[in-house]
Structures are given as structure tokens and as C-alpha cells.
Amino acid sequence: MNIAIIGAGSIGLLLASYLSKAFSITLYTRTCEQADEINQQGILLHKGSSQSRVRVRALPLSKWSGTEEITIIAVKQYQLQSIIDYLTKLDCSPQNLVFLQNGMSHLKLLENMKDANIFVGTVEQGASKLNKYSVCHNGEGAINIALFKGDSAKIKEFAKACTPIGFPITIKDDYYKMLVNKLIVNAVINPLTAILQIKNGQLISSTFYFATVKKLYIEISFILNVDEPIKKFRDVIRICKKTSNNHSSMLKDLEAGRRTEIDAILGFLVEEAAKQQKKAPIIESYYYLVKGKEQDRSGVK
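Here we summarise the structure given alongside this text.

**Notes on the packing of helix 6 (residues 175-196) against helix 9 (residues 229-242)**
Interaxial distance between helix 6 and helix 9 falls to 10 Å at its minimum, and their mutual angle equals 60°. Taken together, the axes of helix 6 and helix 9 are oblique relative to one another. Here helix 6 and helix 9 pass one another in a crossing that is right-handed. Of the residues in helix 9, those touching helix 6 at N181, I184, V185, V188 and I189 are K232, V236, I239 and C240. Residues that form the contact of helix 6 with helix 9 fall into these classes: seven nonpolar, one polar and one charged.

**Thoughts on the nonpolar core**
Counting 62 residues, the largest nonpolar core has F99, I220, L266 and L269 as its most contacted members. For this core, the leading source of residues is helix 6, giving 12 residues. What F99 contacts, discounting residues up to four positions off in sequence, is I73, L80, L110, M113, I118, F119, V120 and G121. Counting residues in hydrophobic clusters, the runner-up holds 39 residues, among them I5, L13, V56 and I72.

**Comments concerning the side chain of T193**
Mapping T193 onto the fold places it in helix 6. Residue T193 is classed as buried on the basis of its relative accessible area, which comes to 0%. At 3.1 Å, the side chain of T193 and the backbone oxygen of N190 are in polar contact. Discounting chain neighbours no more than four positions away, the residues touching T193 are I198, K199, N200, L203, S248 and L251.

**Regarding the environment of K291**
One can find K291 in helix 12 (residues 281-298). Along the sequence, K291 and T260 sit 31 residues apart, while their C-alpha atoms lie 8.4 Å from each other. Contact partners of K291, with chain neighbours within four places excluded, come to I262 and D263. Of note is the side chain of K291, whose polar atom sits 3.0 Å from the side chain of D263.

**Comments concerning the pairing of strand 9 (residues 126-131)**
Where strand 9 and strand 10 (residues 134-139) come together, five bridges link them in antiparallel fashion. Of the residues in strand 10, the one forming a bridge with K129 is V135.

**Here's the deal with helix 9**
Counted at 1.5 Å a residue, the expected span for helix 9 with its 14 residues is 20 Å, and the 20 Å between its end C-alpha atoms agrees. Listed as buried for helix 9 are K232, F233, V236, I237 and C240. Taken around the axis of helix 9, the buried residues stretch over an arc of 150°, which confines them to a single face. Opposite the buried face of helix 9, by more than 90 degrees, sit the exposed residues R234, K241 and K242. Against helix 6, helix 7 (202-205) and helix 8 (207-224) lie the buried residues of helix 9.

Reading the values: the criteria
Residues numbered from 1 in each chain as written. Predicted model: local features only at pLDDT ≥ 70, side-chain atom pairs only at ≥ 80, totals over all residues. Heavy atoms only, no water. Axes fitted to C-alpha atoms, helices over the stretch in contact; angles between N-to-C directions. Helix = DSSP H or I, 4+ residues; strand = E, 2+ residues; numbered from the N terminus. Parallel < 35°, antiparallel > 145°, perpendicular 65-115°, else oblique. Left-handed = near helix turned anticlockwise from the far one by under 90°. Contact = heavy atoms within 4.5 Å. Nonpolar A, V, L, I, M, F, W, Y, C, P; charged D, E, K, R; others polar. Core = buried A, V, L, I, M, F, W, Y, C linked by side-chain atoms within 4.5 Å. Buried < 20%, exposed > 50% of the residue type's maximum accessible area, 1.4 Å probe, protein only. Polar contact = N/O pair within 3.5 Å; in protein donor to acceptor, adjacent residues only side chain to side chain. Pairing = 2+ DSSP bridges. Expected span 1.5 Å × (residues − 1). Arc of directions from axis to C-beta.

Written out as C-alpha cells, the structure is:
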């Protein structure tokens with residue numbers, strides 16, 4: 001099976017490293033320079049004290065023709081519009097598109113897409129990009145995928161082929177529930193760790209930080225009309241413990257002077273609150289704080 005992966009950040013590099021064991025992979029990068037480095041060096045995968053070099057084919061995105069059986073789009077949510085614009089200009093209509101973005105703002109971009117089976121997913125794998133061709137696998141988990149619209153036969157075949165290589169792909173029945181569960185975790189952990197500049201585990205090891213976690217979670221669950229709020233709060237705590245030594249992706253983005261995904265996460269919740277005519281002062285405050293840090297560190301306006 002031929003697989004395209006668009007985006008060579010931490011998740012794109014990680015996917016290419018593992019999926020190359022079972023599939024023919026083409027990794028599409030933003031720049032020609034990164035494609036050239038990956039073709040020359042391979043992908044250097046670090047896991048614990050070991051490292052391995054994986055050879056994959058890399059091309060700049062301008063070379064993507066959409067002919068692969070499955071295309072996994074692993075770019076940041078705010079980069080997605082340019083990918084979709086490019087996709088609409090292709091001579092060939094891609095067959096199966098898998099979108100792996102944080103938050104839920106991207107759903108409205110996918111609603112008008114035609115002629116393809118469209119899937120959305122969430123990533124529970126921990127990864128950090130070390131340079132243009134190196135990635136560190138920090139934590140194991142599943143990649144969850146659910147059908148957004150179309151037919152799911154090909155993605156089920158893909159998931160089954162991933163089992164022998166030890167890189168689990170879990171097919172979920174309800175895409176909205178799947179994304180909401182991940183949104184809750186991201187909406188609590190990412191903004192707080194980014195503002196406080198702390199590791200994930202410190203959110204629950206500090207009595208005072210934990211109080212902010214509870215306040216923010218209560219407002220998020222109110223906006224999302226969460227079923228079983230206590231159970232889902234325990235999931236947030238569990239993930240804080242499991243990733244206790246990790247820096248969140250939002251904190252790492254701020255430290256690197258990059259744009260964050262705050263619009264796709266808390267920005268989505270601000271919009272939801274407005275639609276439901278609910279007040280969300282805590283969510284709004286953290287949203288503006290992260291936007292302010294973004295502007296301070298990167299000059300983004």
C-alpha cells in the first residue's frame with residue numbers, strides 16, 4: 001500500500017519511521033531543503049537509549065500528485081487551509097485523506113470537501129523533533145482514527161496492517177466524541193503549561209496549580225456539555241501523570257517562537273460558548289494570555 005504523509009514535523013517524522021516497516025511511504029515536506037536532508041540522512045529515530053536510521057522517500061509538497069492510496073495530513077491546524085487549497089488544484093482526486101490535527105476548528109474546513117473518504121484522528125504518541133531529519137519517540141500510545149464522511153474499508157485495511165509492526169491504529173466509531181475527548185485534555189494541559197512554563201506533571205503536583213486545573217476543566221465541561229464529567233476529569237489527571245516529565249506542544253511552540261494551536265483549541269471553545277450564549281471568562285482569559293505570549297515571542301499579530 002502506498003502512503004503519503006504530508007508534514008515532516010515531529011508526528012510526520014514519527015509516522016514515516018514506523019509505517020515504513022509495512023508500507024511504501026512518501027514524506028512530503030514544506031521545503032526542498034528538508035526533503036534533501038531526509039533523502040540523504042534518512043530519518044534518525046531516537047527511543048530511550050537506542051536509535052535507528054530509517055530510509056524513506058521525501059519530496060517537497062509541490063511534488064504531491066494525490067495518487068497514493070492513503071494520505072495522512074500531519075500539519076498544524078493553522079497550516080491546513082493552504083494544504084486544502086493545494087489539494088483542490090490537483091488533477092487527481094485523492095482517495096482517502098486522514099487529518100491529524102489538534103482541536104476541532106478544522107472540521108468546518110472538511111465539511112465542503114468532496115470526492116474523497118475523509119477521516120479525522122487524534123495522536124496519543126509522544127514525539128519531539130530534534131532537527132530536520134531526527135525525531136525522539138517520547139511516549140507510546142495509539143493513533144485513533146474515525147470516519148468523518150465516506151467509506152472506511154481502506155482505513156480498516158491500513159489499521160490491520162499496522163498491528164504487526166507495533167504501531168497501533170485504533171478505529172473509533174464516533175469522530176465527534178473522539179475529538180472532544182482529546183480537546184478536553186489539550187484545552188486543560190496545553191494553555192496552563194504554556195502560560196506557567198512548567199512540565200505537565202506539575203499541574204497536579206502543586207496544590208495551587210491543580211486548583212486552576214479544576215476551575216478550567218469545570219468551564220470546559222460546561223461549554224461542551226460533557227457526559228460523565230468526573231470520569232473525563234480523571235482522564236485529564238491520568239494523562240498529566242503519564243506525561244509528567246513532558247513539556248506540552250504549546251509550551252514548546254512558544255519557546256521556539258512558533259505560532260501555537262490556541263485558536264484551534266481554546267479559540268474553538270470561545271466560539272462554542274458564543275453560539276450557546278454561555279459565559280466562558282476563564283477560557284477567554286487563558287486564550288488571550290497565550291495569544292499575548294505568542295505575540296511577545298514571535299511577533300505574530
